[in-house]
Amino acid sequence: MADGSTRSIIRREDYREPDWWTRQIELDVDLKPLETTVVSRLTLERNVKSPAGADLLLDGEAMTFVSASLDGVPLDPQQVERTATGIAVKGMRDGGVLEITQRCDPRNNTALSGLYLSNGIFCTQCEAEGFRRIAFSQDRPDVMSTYRVRITGDRKSCPVMLSNGNPVEQGDLPDGRHYAVWEDPFPKPSYLFALVAGDLGLLQDSFTTRSGRVVDLRIYSEHAVIDQCRHAMESLKKSMKWDEEAYGLEYDLDLFMIVAVSHFNMGAMENKGLNIFNTSATLARADTATDADFMQVERIVAHEYFHNWTGNRVTCRDWFQLTLKEGLTVFRDQQFTADMHSAAVKRIGDVQLLREGQFPEDAGPMSHPIRPDSYVEINNFYTRTVYEKGAEVIRMIHTLIGPKAYRAGIDLYFERHDGQAVTCEDFVRAMEDASGRDLGQFRRWYSQAGTPELSVERSFDPRSGSYALEITQGTPPTAGQPDKLPLHVPLRLGLLSRDGRPLPLMLEGENEPQGTERVLELTGERQRFVFKGLNSEPVPSLLRNFSAPVRLKLDYADDELALLLGQDEDAFNRWEAGQQLAMRLILRGVDAGGHAEASDALLAAFRKVLADAPADPAFAARAVQLPSFTYVGQQRPVIDVEGITGALRSLQRGLSTALREDWAATYEHFHDIGPFAADNGAAGRRAIKNQALFWSVQAPDAAAIARAQRQFERADNMTDSFAALRALVESRDPSAASALGTFYARWQNEPLVVNKWFALQASADDEGVLATVERLLHHPAFTLGNPNRVYSLVGVFANNPAGFHRADGAGYRFVMDRILEVDPKNPQVASRLMRPLGRFKPYDERRRALMRAELERALARPDLSRDCYEVASKSLE
Ligand code: TRP
Ligand code: ZN
C-alpha cells in the first residue's frame, strides 16, 4: 500500500478538475485502538466534462485495503490498481455507490494525522491530507460531499462519540458496545471531516443568533480540565456575536462543539461543527494560565469559529489557495482582538510576529509567495507567509478600498461563492467588483515572494513651502524568483510640525488640504510626492499602523524619533520610533564589537514612556522592550551572533542600572495589592509591572531580587507567578534553582504549566543552556511523544540564539539529533523543528558550514520523511 513517501513536486499550474465527484460519503466506523474498521460508501458521479470510463483516483495511505464493491457487485482485483498515492478504480461508467472496507491502527498513529489516540481519546486531524489515512477517497478540497457517519465504540471507554453536523440516532449494541449516527447537511471537503470518541467531560452553554436561533454550545475535554474551559466558552460567544456585528455572519447549525486534546500538531482545527483544539489553545484559568495565554485562547477560538464562513462555507479549490482561507481568517481574528483589547498593542504584537517569523522565512530557502507555485509536502506550507503575510495582504485591500467597499466585497464574495471551492483570484475579483478599483497590479502580492524595501528621501524648499518625499521600492531576489516587479503599496502617513502638531496635507495639484492623515499609493519603482503650504520642515510619520508588510528606510535624527515617540497620533509609530532609537544604539554596539551603551536620547525616551504609562500600561509595557536578536540580525548582511548578543546584554544591563529607580517606582505604582482581576486594565497593569521587574533584575540589586521573591511567593495568578520565576532565573540569583523546584513540584500534574517550566529553562540567555536542555531531555516528564512538550524544550531552544548558535555547533547537533528521533514518529513536528537550521545563509562562514553539515546528515537518511526531505533539500540547494 502507498505509504505517502513519494517526493514528487506538485504544481499549481497543473490543476485539473477531477474526473469524478463524490456527492455523498457514508462511513461506518468500528472503533478499536489497534484495528479500526471503516466501511465507506461513496456516491459517485462522473464530471460532465470528463470522458466515460475515466479512472477514479482515490487517495489512501497507512491503511489496509480489505475489499470493494460497486453497486453491490464485488470489484475484481484487476479493477483496482495501485498508484503512487492510493488506488485507481478502472471501468467505472457513470457512477454509482462504491463501497470500500479498510482498516487503520489509531494506537500506533504517532503522526497525529488521520485517526489517532490522545490519552485514550479517539480523535482525527484531516487537514490537509489526513482523511486518506481513514478512508480511500478523493482527498482534495474541490470535492465536496455530504456526510453520514455511524460510529461504533465501547460504552465504557467511549461514552461520548461525536462527528460533524447533527446527532440523528444512537443506541446500544451487544458486548458492551454502542453506536451513534451523525449527519452533516453542508457539503464539505474531506479535510473538514472529524470524529471524536472517548470519556469526556462537558461544559455546556448556548448562544442565540441575531435571527433568534438557539445554538447549543459544547466544549469537551478530559474530565480533569473541564473547569479550565470556561474562558474558551466565553471567547466563543464573543466571537459569534462579533462576526454577526462586524461581518453580518451567523452560525448555521444548531450545535457547535469544541473538543480539546493533549496531542495535536498545531493550535486547532476548524472541522465543520466540531472544532478540535490543542489543549494549549483551549485551557485557561487564572491560576494556571497567563494573561498572554488567555488572549491566545480567545484568538484561536475566534479564528476557528470564523473559519465556519471563511474556509468552510466557502473553501479552497486546491491547497495552493490556502491563504484564501487562512490569510482572510487571520485578518478577521486580528480585527476581533483589536476590538476586544487595545488595537495598538495588538498591531504591535502582530508586526513583531511578522518581522521575527515571516521576514526570515521570506529571506530564507523556503521563501514562497502567499500563494505558492509548487510544493512537495503541503504541510510545509502552513507558514507565517501564508497566514500572517496573507493577513497583511487582506489588510492592504481593506486600506486601499476602505472599510465600506471591503465589506461590500465580502458580501459579494459570499453571494457568489457560498458552497463552492474557489481561488484567491475569485476573492480579489469580488473586491474589485464591489469597489470599482483595479487591483491588477495589486495581484502581484499573491505571486511575488520576498519583503519589499522602501527607501525615502526627503527635501524641504522653504521658499515655496513644499516638502517632497521621493520613494523608491524594490524587492530583493528570493529562492527561485530572481527578478521582482514593483508592487501596489498603500503608505499611510502624516506630517508633524517640529512642536508635534499634525499638519494639514495638501499634495501638489490640490486646492485645499485633505485632513492630517492619508494613504499614498505606491505603484512605480520611484515616485515623488510633493506636499504644499508648509512653513517649516515637518517630521514625516510614515507607514502608520504598519500599512504594508515592508521594510522602510529613512534616516531620522534622534530628536525626530523622540518627537514621534512622544507625540505622533499613531500609536504604532510611537512604538516604532522607540524601537528605532534602540536599534540604532544596538547596531552601533554590534559594529563596535558587541558593547552598547544607553544614550541620553534612549533614557529620556524610556522615561517619557514610563511617565505616560498610566494612560495605557499595556502599550508602555511594549514600548520599553528592546528589539529582538532576530530583528537586529536582519539589519546587517551577516548576522554577528557574538556582536548582537553582546550589544543586547550590555544595553540591557545599562538600562537596568541607569533607570533603577524608575523600574522600582513603576513596579510599586502598578503592583495591584487586591485579589486577581481578569479585565484588560488589570492585565495591562500586570504587563508593565512585570516588564519593570524584568528590567530591574538585568543588573540586579538586593531590592530587585527581594521583589521577585516576594512576588513569586505571594502571587495568586500564573501571570505574576511565572513573571517572578522568569525574573529570578534571569537574575542568576542562587534562589532561582529552588524557585524552579517549587514551581515544578506545585504544577507537575498540569502538563501545560510543565511546558512553561521547560520553555523557561530552554530560553535562558547563556551558552550553558545547552547543558540544561540536555539534562532536561532525561527529566521524567519529558517525552518526544507530545508535540507541545517537544516544542517547549527543543523548539524553544532552537530559537534561543545563545544556545542554538553556539560557535562549536553543539546546538545545531543537538537539534538535529532530536529531529532525527522525532521524524519517524511525527514528520510534521520534525520538519517544523528543522526550519531554523535551514536558514543558515546570513550567518558567518563557520556556522553556515556547521548547519549545512547537519542538514546533509539528515539528507543521507534514506528513510527521511517527505516533510523533512523538502526542507533539508531546498535549504541546501
Ligand atoms: N486550519 C488550521 C487553522 O486554523 C490549521 C491546522 C490545524 C493544520 N491542524 C493542522 C494544518 C494540521 C496542517 C496540519 O489554522
Ligand atoms: Zn486557520
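Residues numbered from 1 in each chain as written. Chains lettered and ligands numbered in written order. Predicted model: local features only at pLDDT ≥ 70, side-chain atom pairs only at ≥ 80, totals over all residues. Heavy atoms only, no water.

Leftover empty space is mapped by rolling, across the atoms, a probe with the size of a water molecule. Empty space within the second largest pocket amounts to approximately 990 Å³. Sorting the residues of the lining of the second largest pocket by element identifies strand S1 (10-11) and strand S4 (56-59) as the ones contributing at least two each. In terms of residue count, S4 provides more of the lining of the second largest pocket than any other element does, 4 residues in total. Classifying every residue of the lining of the second largest pocket gives 15 nonpolar, 6 polar and 17 charged. (1 Å grid on protein atoms, 1.4 Å probe; cavity = no way out; pocket = protein on both sides within 12 Å on 5 of 7 lines; lining within 4 Å. Points joined across faces, edges and corners; volume = space filled by probe spheres on them. Helix = DSSP H or I, 4+ residues; strand = E, 2+ residues; numbered from the N terminus. Nonpolar A, V, L, I, M, F, W, Y, C, P; charged D, E, K, R; others polar.)

Time to look at the sheet that holds strand S17 (residues 201-208). With mixed pairing, the 5 strands of this open sheet are ordered in space as S17-S18-S19-S21-S20. Edge positions in the open sheet fall to S17 and strand S20 (268-269), since each of these has one partner strand only. Summarising the sheet, S20 and strand S21 (residues 274-278) pair through 2 bridges and their orientation is antiparallel. Residue pairing across strands places Met-269 opposite Ile-276, the latter belonging to S21. Where helix H1 (residues 230-247) meets the sheet, its contacts fall on S17, strand S18 (214-221) and strand S19 (255-261), and the angle it forms with S17 comes to roughly 25°. (Pairing = 2+ DSSP bridges. Contact = heavy atoms within 4.5 Å. Axes fitted to C-alpha atoms, helices over the stretch in contact; angles between N-to-C directions.)

Turning our attention to the coordination of the zinc ion (ligand 2). Every protein donor of the zinc ion (ligand 2) is listed here as His-303 (NE2), His-307 (NE2), Glu-326 (OE) and Glu-326 (OE), and their distances to the metal cover 1.9 to 2.8 Å. Here the zinc ion (ligand 2) is ringed by 6 donor atoms whose angles at the metal span 48 to 160°, and the overall shape comes out irregular. (Donors = N, O, S within 2.8 Å, 3.2 Å for Na, K, Ca; no water. Tetrahedral: all angles 85-135°; square planar, octahedral: opposite > 155°, others 65-115°.)

What follows concerns empty space enclosed by the protein. The tally for this structure, following the rule as stated, stands at 4 cavities of 30 Å³ or more. The computed volume of the largest cavity comes to approximately 110 Å³. Taken together, Glu-361, Gly-364, Pro-365, Met-366, His-368, Asn-380, Thr-383, Arg-835, Gly-838, Arg-839, Val-871 and Ser-875 make up the lining of the largest cavity. Elements represented by at least two residues in the lining of the largest cavity include exactly helix H24 (827-838) and helix H26 (866-876). Considered class by class, the residues forming the lining of the largest cavity number 3 nonpolar, 6 polar and 3 charged. Reported here for the second largest cavity is a volume of approximately 50 Å³.

Once that is clear, we can look at the site of ligand 1. Near ligand 1 lie 16 residues; those nearest to it are Glu-127, Ala-268, Glu-270, Glu-304 and Tyr-387. At 2.6 Å, a side-chain N or O of Glu-270 approaches a nitrogen atom of ligand 1. Glu-326 is positioned with one of its side-chain polar atoms (N or O) 3.1 Å from a nitrogen atom of ligand 1. For ligand 1, the accessible surface in isolation is 370 Å², of which the surrounding protein chains cover 97%. Mapped onto the shell around ligand 1, the elements with two or more residues apiece are S20, helix H2 (291-306) and helix H3 (322-340). Considered class by class, the residues forming the shell around ligand 1 number 6 nonpolar, 5 polar and 5 charged. (Near = heavy atom within 4 Å. Polar contact = N/O pair within 3.5 Å; in protein donor to acceptor, adjacent residues only side chain to side chain. Areas by Shrake-Rupley, 256 points an atom, 1.4 Å probe, with all protein chains shown as cover.)

On to the pairing of strand S2 (residues 20-30). The pairing of S2 with strand S3 (residues 36-46) spans 10 bridges and is classified as antiparallel. Bridge pairing links Asp-30 to Thr-37 in S3. In sequence, S2 turns back onto S3 through a hairpin of 5 residues. Two strands pair when backbone bridges link them, and S2 and strand S12 (residues 144-154) are joined in this way by 7 bridges, in the parallel orientation. Directly across from Asp-28, in S12, lies its bridge partner Arg-150.

With that out of the way, let us pick up the nonpolar core. Counting residues in hydrophobic clusters, the biggest one holds 276 residues, and the most contacted among them are Phe-427 and Phe-531. The element contributing the most residues to this core is helix H5 (residues 384-417), with 15 residues. When residues no more than four places from it in sequence are discounted, the contact partners of Phe-427 are Leu-324, Leu-328, Ile-394, Ile-397, Ile-410, Tyr-413 and Tyr-446. (Core = buried A, V, L, I, M, F, W, Y, C linked by side-chain atoms within 4.5 Å. Buried < 20%, exposed > 50% of the residue type's maximum accessible area, 1.4 Å probe, protein only.)

Side chains that differ in sign of charge can pair as their charged atoms come close. As enumerated under the stated definition, the model contains 86 salt bridges in all. Note that Glu-392 is salt-bridged to Arg-347, the shortest N-O span being 2.8 Å. Remark: Arg-347 occurs in helix H4 (residues 343-363) and Glu-392 occurs in helix H5; sequence separation between them is 45 residues. On the accessibility criterion, Glu-392 (2% relative accessible area) is buried. You can call Arg-347 buried: its relative accessible area is 3%. Salt bridges sharing partners connect three or more residues here, namely Glu-26, Asp-28, Arg-41, Glu-99 and Arg-150. (Salt bridge = Lys/Arg side-chain N within 4 Å of Asp/Glu carboxyl O.)

The next subject is the side chain of Glu-432. If you trace the backbone, Glu-432 turns up in helix H6 (residues 424-435). One polar contact links the side chain of Glu-432 to the main-chain amide nitrogen of Leu-439, over a distance of 2.7 Å.

This next bit is on the packing of aromatic side chains. Scanning the model with the defined rule gives 33 aromatic pairs in all. Where Tyr-305 meets Phe-306, the ring centres are 6.2 Å apart and the plane angle is 65°; that geometry is what we call edge-to-face. The exposure class of Tyr-305 is buried, given its relative accessible area of 2%. What makes Phe-306 buried here is its relative accessible area of 0%. (Phe/Tyr/Trp six-rings, centres within 6.5 Å; stacked < 30°, edge-to-face > 60°.)

This part takes up the environment of Thr-6. With respect to the helices and strands, the residue Thr-6 is situated in the segment before S1. Assessed through its relative accessible area of 28%, Thr-6 is described here as partly exposed. For the pair Thr-6 and His-417, spaced 411 residues apart in the sequence, the C-alpha separation amounts to 34 Å. For Thr-6, the residues in contact, after removing those within four places along its chain, are Ala-84 and Arg-866.

With that settled, the discussion passes to unusual backbone geometry. Residue Glu-127 is joined to Ala-128 through a cis peptide bond whose omega torsion reads -5°. Mapped onto the elements of the fold, Ala-128 is located in the loop between strand S11 (121-125) and S12. If you check the backbone angles, Ala-62 has positive phi at about 55° while not being a glycine. Relative to the helices and strands, Ala-62 is located in the loop between S4 and strand S5 (64-70). The backbone phi angle of Leu-112 is positive, close to 60°, even though this residue is not glycine. Take Leu-112: it is sitting in the loop between strand S9 (95-104) and strand S10 (114-118). Residue class for Leu-112 comes out buried when judged on its relative accessible area of 5%.

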